[in-house]
Amino acid sequence: MICSNTRTMVFDIDGTLCFDGRTIDSRILAALDACEQAGHQLVFASARPVRDLLPVLDGAFPTATLIGGNGSLVSVDGQVRARSAFEADELGRLLGEVERFRAGYLADGPWDYAYTGPADHPICGRVDQGGLARRVELAELPAVVKFLVVEAADLPGLAEACRALGLNVNHHLDEAIIDFAPGATNKWEALTSLGIDAYDAFGNDINDLDLLRNARHSVRVGTHPGLDGVARVTVAAEPEAVAAEISRLA
């Protein structure tokens, strides 16, 4: 029987649970398993599309709810659905700025993707690791649920121009990429759309801001300055510290 103090625990992936872009350390996996064994509900919420979450989890926690594309995709009981996509005019404005700033990008559909960036960009090692999707032309995607600029003539200028157009912009200065989500979508908004409003959360980056701000208990992994004063606890961005904090909550 599940006891009455079981919790929903929400975890970002990259920089929070995964530190090499491909795998999750065995100590963290063991701590997550202890959470699940204690009856807690696990949710993994990532900037990655669901397609690219699956190889990192490598079959673990098959009953967990997945939120991908910073909230534009959800997977419940293995069923993936797009809950938000760029409107045609919104995507048109974005592509206009992409052309103006000579940008290369990764555009994700509900499953397949389009890519125009450099072949040797680090993001290529994280895209479709499981060989589950097709690389297609942008026009072939039935919808665009996530858009990631990986190079541009002026990345800060592109980010500012797109903010001025009212687009949802996450500029990751440390990785030199810009992450666009459709509308006002974010991880927290997707979580609440699933009826989850009481939860604990782990995150490390600016796209986790609302997720951490609205959590019952929030843990910042690392020292991203954009999350100063938001999380209740900060732990080092290394597997042992993260696993210990997960185990403490479990």
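Further up the page is the structure itself.
Rules and cut-offs
Residues numbered from 1 in each chain as written. Predicted model: local features only at pLDDT ≥ 70, side-chain atom pairs only at ≥ 80, totals over all residues. Heavy atoms only, no water. Axes fitted to C-alpha atoms, helices over the stretch in contact; angles between N-to-C directions. Helix = DSSP H or I, 4+ residues; strand = E, 2+ residues; numbered from the N terminus. Parallel < 35°, antiparallel > 145°, perpendicular 65-115°, else oblique. Left-handed = near helix turned anticlockwise from the far one by under 90°. Contact = heavy atoms within 4.5 Å. Nonpolar A, V, L, I, M, F, W, Y, C, P; charged D, E, K, R; others polar. Buried < 20%, exposed > 50% of the residue type's maximum accessible area, 1.4 Å probe, protein only.

Chemist: Which parts of the structure should I look at to understand the packing of helix H3 (residues 88-100) against helix H4 (residues 155-164)?
Modeler: Two quantities define a packed helix pair, namely the angle between the axes and the distance from one axis to the other. Between H3 and H4, whose axes approach to 10 Å, the crossing angle comes to 155°. It follows from the interaxial angle that H3 and H4 lie roughly antiparallel. Pair H3 / H4 crosses with right-handed handedness. Two secondary-structure elements touch here, H3 through Leu-94, Glu-97, Val-98 and Arg-100 and H4 through Leu-158, Ala-161 and Cys-162. By residue class, the composition of the contact of H3 with H4 is five nonpolar, no polar and two charged.

Chemist: Sorry, what's going on with unusual backbone geometry here?
Modeler: Trans is the prevailing form of peptide bonds, just as negative phi is the prevailing case for residues other than glycine. Residues other than glycine seldom take positive phi values, yet Phe-61 does so here, at roughly 55°. One can find Phe-61 in the loop between helix H2 (50-57) and strand E3 (65-68). Of note in this structure, Arg-102 is not a glycine but carries a positive phi near 50°. Judged by its relative accessible area of 62%, Arg-102 falls in the exposed class.

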